[in-house]
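# Structural features, examined
What follows is the residue order along each chain.
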Amino acid sequence: MSEKKCFTDSGIEINRVYYSAPTTLQKERPGEFPYTRGVQSDMYRGKLWTMRQYAGFSTAEESNKRYHFLLSQGVMGLSVAFDLPTQIGYDSDHALAEGEVGKVGVAIDSIEDMELLFAGINLEQVSTSMTINATGFILLAFYVALAKKQGADLYKISGTIQNDILKEYAARGTYIYPPKPSMRIITDIFEWCAKEVPKWNTISISGYHIREAGSTAVQEIAFTLSNGKAYVQAALAKGLDINIFGKRLSFFFNAHNHLFEEVSKFRAARRMWAKIMKELGATDEKALMLRFHTQTGGATLTAQQPLNNICRVTIQTLSAVLGGTQSLHTNGYDEALSLPTEDAARVALRTQQIVAFESGAPDTVDPFAGSYFVESLTDEIENKALALINKIDAMGGSVSAIESGFMQDEIAKSAYTYQRHIESGEKIIVGVNKFQIIETNTIPGFKIDDSIRIIQSNNLKALREKRNNSKVSELLKKITLTAKSTENIMPIVVEAVENYCTLGEISDALRSVFGEYK
């Protein structure tokens, strides 16, 4: 009888037993180049990862209530989800926004919504992550304008905008403008934040959505780091200092169920990025470090036997912590059915807290270091991911690889292969293709009322009636003129939102100059 073969989800063959690890790890220390073992010398012994819960739905007032609940339960940072109209630059009263307002996140049309979203929350005292890309610069402007209204010191406010447009073209689809003007906006953000809000992370280069679209772990880090290189090269071409903007780059990865592959992936990504940044000219150690946020795998959650998802999220949480994440969001067990209920959000947060305070996982740095299996897998993932990056470099980099459809095709092939393995029974998903039961779903779904569009539209009508509309017209014209020049776009956008220009109006002003990507 032939010996059974085992593979990771990336198709890497797993040996029956490992007798040695092909690594020079003994010379590597945590907190030192190339950071395989972590970006801090004492990791979680000094400070635990930031426990975030991604939340946002309905109106700004409703989301604000959830944020106060999460902060009262021990969350250390807020993570904002925006609805689709906000993500693609339409106000809630736009015809294309119908049926989507407040559904997958909170609707933000103006600075007034931002004030309601963070009512009673001191922006100097929380770190806020905003999952926003095409309109990331406008949401950052709203946040900064609100911080100024609160009297906050802009040198003290901290957080992240995702601001990663390349993965939108490759995997997710919430883009507005073509790649070149989009890259210009991103480098404008890098330049402006370095001077005005130096603690702000200007981009969270995201593998999360690449993985959600069906990529393997190897593709996730290869495509993400390749996109990272493209952003760095664009910033260098603008004349920015890699040792300054490089410190404010962060990454966003997915955590799936194969514990060992995921830990190895995080370790390999750190090592690869340190080498990439060194080759691009970085010398400051903080500019060489890959710092990352992790979210547990949404695509791994099942609508069947949803309580099983608590086990999946626990494994994924452990992989992120054992792999050295800097912050973490854990998904609710009911998210294959609806937005998470308050109970599900609490269980998700408690999962992180139990791992932090009861499991012993944070007590030593890089707990899997020296594992023959994990060290071998780390090297294999690095080698396979590097081969993919070299292939993309030969095409002219990420923008060319996306424009030619290479990344999209590779992700689609992997998604198809994975689904085929599930349908054939080669890949077992508990409760889905094995260990099924007759189910009567008793888990309450979280429903969003369609009347939210009416509420937001009424608020917009009132805003347009009371603001200085001649000033608004003047500022929108200035935005189009700035877009046609080489000036930094951020100062005029901040001024516009302070004078109650809406997100849709600013997006449309830029559409008139840049056009839309088809």
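Please read these numbers as outputs of a predicted model, since none were measured by experiment.

Now for the overall build of the protein chain. When helices and strands are counted, the protein chain shows 20 helices and 11 strands. Taken against the 2.2 N^0.38 rule, which gives 24 Å for 518 residues, the C-alpha radius of gyration of the protein chain at 23 Å falls within 12% of a compact globule. When each of the 518 residues of the protein chain is scored for burial, the buried share is 57%. For the protein chain, contacts bridging at least 24 residues in sequence account for 79% of all contacts bridging at least 6.

Counting 134 residues, the largest nonpolar core has Met114, Phe118, Met130 and Ile506 as the members making the most contacts within it. Here this core gets 11 residues from one element, more than from any other, and that element is helix H4 (residues 136–150). Not counting residues up to four positions away in its chain, the partners in contact with Ile506 are Phe137, Ile138, Leu476, Ile479, Val493, Ala496, Val497 and Cys501.

Summed over the entire model, instances satisfying the criterion amount to 20 aromatic pairs. Plain terms: the ring middles of Tyr143 and Trp200 are 5.1 Å apart, the flat faces sit at 50° to each other, and that makes the pair tilted. In this pair, Tyr143 is assigned in helix H4 and Trp200 in strand S7 (residues 200–201), connecting sequence segments 57 residues apart. Given the relative accessible area of 0%, Tyr143 is considered buried. Grouped by ring-pair contacts, the aromatic residues Phe251, Phe253, Phe266, Trp273 and Phe292 constitute a single cluster. For the cation-ring pair, Lys278 lies above Phe33, with the distance from its terminal atom to the ring centre recorded as 4.3 Å.

Cis geometry marks the peptide bond from Phe33 to Pro34, where omega comes out at 5°. Within the element layout of this structure, Pro34 appears in the loop between strand S2 (13–14) and strand S3 (50–55). Despite not being glycine, Asp366 shows a phi value in the positive range, around 50°. Locating Asp366 in the fold gives a position in the loop between helix H13 (342–357) and helix H14 (372–395). In the Ramachandran plot, Tyr500 falls in the positive-phi region, its phi being about 70° despite a non-glycine side chain. With respect to the helices, strands and loops of the structure, Tyr500 is situated in the loop between helix H19 (490–498) and helix H20 (503–514). Owing to a relative accessible area of 26%, Tyr500 belongs among the partly exposed residues under this scheme.

Calculation criteria
Residues numbered from 1 in each chain as written. Predicted model: local features only at pLDDT ≥ 70, side-chain atom pairs only at ≥ 80, totals over all residues. Heavy atoms only, no water. Helix = DSSP H or I, 4+ residues; strand = E, 2+ residues; numbered from the N terminus. Rg over C-alpha atoms; globule rule 2.2 N^0.38 Å. Buried < 20%, exposed > 50% of the residue type's maximum accessible area, 1.4 Å probe, protein only. Contact = heavy atoms within 4.5 Å. Core = buried A, V, L, I, M, F, W, Y, C linked by side-chain atoms within 4.5 Å. Phe/Tyr/Trp six-rings, centres within 6.5 Å; stacked < 30°, edge-to-face > 60°. Lys NZ or Arg CZ within 6 Å of the ring centre and 35° of its normal.

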